[in-house]
Amino acid sequence: MAENFHFLLLLIFLTLLSASPVLSRNFSPRSTGSAPTTATLDVSASLDQALRVLSFDPHQNLDQEVKSVHHGLGGGGAISGGLTLELHSRDFLPTSAHPRPNDYKTLTLDRLRRDYARVKSISTQLALVAHGVKRSDLKPVAEEEEFAASAEGIRGPIVSGTSQGSGEYFSRVGIGSPPKPLYMVLDTGSDVTWVQCQPCADCYEQSDPIFDPSASSSYSSLPCDSPRCHALDISACRNSSGGAKGSSCLYQVSYGDGSYTVGDFATETVTLGDSAPVAGVAFGCGHDNEGLFVGAAGLLALGGGPLSFPSQISARSFSYCLVDRDSAASSTLELGAAAAVSGAEVAAPLLRNRKLDTFYYVGLSGISVGGEMLSIPPSSFAMDESGNGGVIVDSGTAVTRLQADAYGALRDAFRRGTAELPAAEGLSLFDTCYDLSSRTSVEVPTVGFHFPQGRELRLPAKNYLIPVDGVGTYCLAFAPTTAPLSIIGNVQQQGTRVSFDLDNSVVGFTANNC
């Protein structure tokens, strides 16, 4: 009888142990619930799309203007209804300056080289800021003639500084009056909008004719004593007999690889599609430009600083959806009311770095692989008081970067879940690759980003296992970083509408909403 009673007590205890999350937490993996543990990758479809990018003729297929869905501007340049721009992948920009490679592996390596340079530059800039070095302290490495005006224009030095890269998506934007349509790169990691301008002391080749400010009735130079000139990180004055009030503002955005844009800082009218023109937008009119800008005429800055385009037009919300960068289809950038975050499937905290307001930080709390939360300490995603660390959402970075320990946990869990797939040699940033040349589809572990209050953004398989050549080699599209900053890149964002509500400090993610 006593033995039966003790056996019954033991049975009850074991039942309670398996049912209690508190008691059992040291005995079983941390699960994300009833979420799927595997996702299907359509190998044939993704490889076919990747190869089509090599034969696409953008001169024939992108000969169209962007469209505006919402119209109307409120007083003071603020958006009352909203604006919409079409976006295209950088690799579909019409240009003869940098012909597209003939094979997909070379295209992949080109993309990864750009990506490496961008991530390095962002990390360097944030490291400098965290150590008390302001961007305005970064002066050009040049002689006395830096920023000097000459009969030929403005001479720009080869400079040291921090690169922001040039972004991976572009749109058609009208500059001036009458508006001249220009292909411009859109970048959430930049604050200064600029275009190449005549007279051109040294300009790279672009698809459109170089903008001539003398042909625009709305072009106006900014004086040196204007607040917007003072808001620049690096600026100077074009000397004149009228003193500071009679001097015009000169700007420089410098890049760590020796590239730069330098010229006049002015105001101009900007037209997005068929919408009402936006007057008085401060921008850089670059007379001396060098850099990795492909055939784009310049850059439309979408960062969080006071000179960015959303800040200047008082757009308190904006969103974008990035199509697959191997797709010729367009997606959209929406500013103002059109970019409401309220309907987002996943809402996460929007955080800001008090040392640098350019970048958009998100409150990431964890990552899961195959339905299991990874053992990553919260400190891996946290930003400290000096501005180090944290996680940014960036449209110009391609591959998501994680701190080495966090990346190692993700990679190892993914490898365990794909042990039956044939391994392939790594490529550049990627150390986890597979030979899928004999497969039409495969099942792989799910990957999800987790945010406070139990919210999860589950990624499609094609957003983390991507082709890197034309013969069926696929790699896990994450990479480690030695920097404290983590970055959610655009490969992981593809097909998801990312919304930024600046007033309520919310980032929204909605899948399949391009």
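Owing to the predicted nature of the structure, the values given are computational and were not obtained by experimental measurement. Every chain is numbered on its own, with residues counted from 1 as its sequence reads. For this predicted model, a pLDDT threshold of at least 70 governs which residues receive local features, and a threshold of 80 or more governs which side-chain atom pairs are given and counted, while totals over whole chains, interfaces and linings are taken from all residues. Computation of side-chain values covers all heavy atoms of the structure but excludes hydrogens and water.

Draft legend 1. Seen up close, the overall build of the protein. The number of helices and strands found in the protein is ten helices and 32 strands. Relative accessibility thresholds used throughout: buried, under 20% of the residue-type maximum; exposed, over 50%; partly exposed, between the two (1.4 Å probe, protein chains only). Taken over 514 residues, the protein has a buried fraction of 54%. A contact between two residues is defined here by any heavy atoms of the two lying within 4.5 Å. Expressed as a percentage of contacts within the protein between residues at least 6 apart in sequence, the contacts between residues at least 24 apart total 71%. For accessible areas, the Shrake-Rupley method is used with a probe of radius 1.4 Å. Any residue's cover is judged against the shown protein chains and nothing else. As displayed, the protein has an accessible area near 21400 Å², and 53% of this comes from carbon and sulfur atoms. Helix and strand definitions follow DSSP, with helices as H or I runs of at least four residues and strands as E runs of at least two, each counted in order from the N terminus.

Draft legend 2. Representation of the sheet that holds strand β22 (residues 423-424). By this definition, two strands are paired if DSSP reports at least two bridges between them. Strand order in the open sheet formed by four strands is β22-β23-β28-β27, and the pairing between neighbours is antiparallel. Single-partner strands in this sheet number two, and they are β22 and β27 (465-467). Bridge count between β22 and strand β23 (residues 433-435): two bridges; the pairing is antiparallel. Residue pairing across strands places Ala-424 opposite Cys-433, the latter belonging to β23. Here an axis means a line fitted to C-alpha atoms, over the contact stretch when the element is a helix, while the angle between two N-to-C directions is reported on a 0 to 180 degree scale. Contacting β23, β27 and β28 (473-476), helix α9 (residues 404-417) runs over the sheet at an angle of about 135° to β28.

Draft legend 3. A look at the pattern of salt bridges. Salt-bridge detection follows one rule: a side-chain nitrogen of Lys or Arg within 4 Å of a carboxyl oxygen of Asp or Glu. Scanning the model with the defined rule gives 14 salt bridges in all. Of the charged contacts, one joins Asp-115 and Arg-401 as a salt bridge, the two residues approaching to 2.7 Å between their closest N and O atoms. Of this pair, Asp-115 sits in helix α5 (residues 104-130) while Arg-401 sits in strand β21 (residues 400-403), and the two are 286 residues apart along the sequence. Here Asp-115 matches Arg-401 in class, with each residue buried. Overlapping salt bridges, with partners in common, bring together Arg-118, Asp-187 and Asp-394 in one network.

Draft legend 4. Structural view of the state of the cysteines. Counting rule for disulfides: a pair of cysteine sulfur atoms within 2.5 Å. Scanning the model with the defined rule gives five disulfides in all. What pairs with Cys-197 in a disulfide is Cys-285, and their sulfur atoms sit 2.0 Å apart. For the disulfide bridge between Cys-197 and Cys-285, the dihedral angle about the S-S bond is near -115°, and by the sign convention the bridge is left-handed. Of this pair, Cys-197 sits in the loop between β7 (194-196) and β8 (220-221) while Cys-285 sits in strand β12 (residues 278-290); the two residues are 88 residues apart in sequence, bridging distant segments of the chain. We note that Cys-197, like Cys-285, is buried. Two residues share a disulfide in this structure: Cys-200 and Cys-203, whose sulfurs sit 1.5 Å from each other. Under the relative-accessibility criterion, Cys-203 is labelled partly exposed at 21%.

Draft legend 5. Representation of the pairing of strand β5 (residues 169-175) within the structure. Within β5, seven of the seven residues are buried, leaving the element largely enclosed by the surrounding structure. A two-sided burial pattern is seen for β5, the buried positions comprising Tyr-169, Ser-171, Val-173 and Ile-175 on one face and Phe-170, Arg-172 and Gly-174 on the other. Here strand β2 (residues 83-89) pairs with β5 via two bridges, running antiparallel. Along β5, the bridge assignment pairs Ser-89 with Tyr-169.

Draft legend 6. The side chain of Ser-216, seen in detail. Tracing the chain through its elements places Ser-216 in the loop between β7 and β8. A distance of 3.2 Å separates a polar atom in the side chain of Ser-216 from a polar atom in the side chain of Ser-218. Those residues in contact with Ser-216 that sit more than four places away from it in its chain are Gly-176, Ser-177, Phe-211 and Glu-268. Polar contacts, as counted here, are pairs of nitrogen or oxygen atoms within 3.5 Å of one another; within protein the pair requires one atom able to donate a hydrogen and one able to accept it, and residues that are adjacent in sequence qualify only if both atoms are side-chain atoms.

Draft legend 7. View of the sheet that holds strand β19 (residues 372-373). Reading across the sheet, the four strands line up as β19-β18-β25-β26 and stay open at both edges, with antiparallel pairing between neighbours. Edge positions in the sheet fall to β19 and β26 (455-458), since each of these pairs with one other strand and no more. Here strand β18 (residues 366-369) pairs with β19 via two bridges, running antiparallel. Bridge pairing in β19 places Val-369 opposite Glu-372. Packing of α9 onto the sheet brings it into contact with β18 and β25 (447-451), and relative to β18 it is tilted by some 15°.

Draft legend 8. Spatial organisation of the UniProt feature "active site" (unreviewed entry) in the protein. UniProt positions are given in the numbering used here, feature names are shortened, and annotations may be inferred rather than shown by experiment. Per the UniProt entry, the sites bearing "active site" (unreviewed entry) are Asp-187 and Asp-394 in this numbering. Across 208 residues of sequence, these annotated residues stay compact in space, with a maximum C-alpha separation of 8.0 Å. Considering the arrangement of structural elements, one finds Asp-187 in strand β6 (residues 180-187). Here Asp-187 falls in the buried class, since its relative accessible area comes to 0%. Tracing the backbone shows Asp-394 in the loop between β20 (391-393) and β21. The residues touching Asp-394, leaving out its near neighbours within four places in the chain, are Arg-118, Ile-122, Asp-187, Thr-188, Gly-189, Tyr-320, Ile-487, Ile-488, Gly-489, Asn-490 and Gln-493.

Draft legend 9. Representation of the packing of aromatic side chains. Stacked, tilted and edge-to-face are the three classes applied to pairs of Phe, Tyr and Trp rings, where Trp contributes its six-membered ring and a pair requires centres within 6.5 Å; stacked means planes under 30 degrees apart, edge-to-face means over 60, and tilted covers the rest. Under the defined criterion, the tally for this structure stands at eleven aromatic pairs. Ring centres 6.2 Å apart and planes at 65° place the aromatic pair Phe-414 and Tyr-434 in the edge-to-face group. With Phe-414 in helix α9 and Tyr-434 in strand β23, this residue pair connects regions lying 20 residues apart in the sequence. We note that Phe-414, like Tyr-434, is buried. One aromatic cluster in this structure is built from Phe-318, Tyr-320, Tyr-360 and Phe-500. Above the face of the Tyr-183 ring, Arg-172 is positioned so that its terminal group lies 3.9 Å from the ring centre. Working rule: Lys NZ or Arg CZ, within 6 Å of ring centre, within 35 degrees of ring normal, means a charge sits over the ring.

Draft legend 10. Expanded view of the pairing of strand β16 (residues 346-353). The sheet contact formed by β16 and strand β32 (residues 506-511) spans four bridges and is antiparallel. Among the inter-strand pairings, Ala-347 is bridged to a residue of β32, identified as Gly-508. For β16 and strand β17 (residues 356-362), the ladder comprises three bridges, and the chain directions are antiparallel. Opposite Leu-351, over in β17, you have Tyr-361 as the bridge partner. Linkage of β16 to β17, two consecutive antiparallel strands, is achieved through a turn of two residues.

Draft legend 11. Representation of the environment of Gly-273. Note on placement: Gly-273 falls in the loop between β11 (260-271) and β12. Given the relative accessible area of 23%, Gly-273 is considered partly exposed. Between the C-alpha atom of Gly-273 and that of Gly-174, which follows or precedes it by 99 residues, the distance is 7.4 Å.

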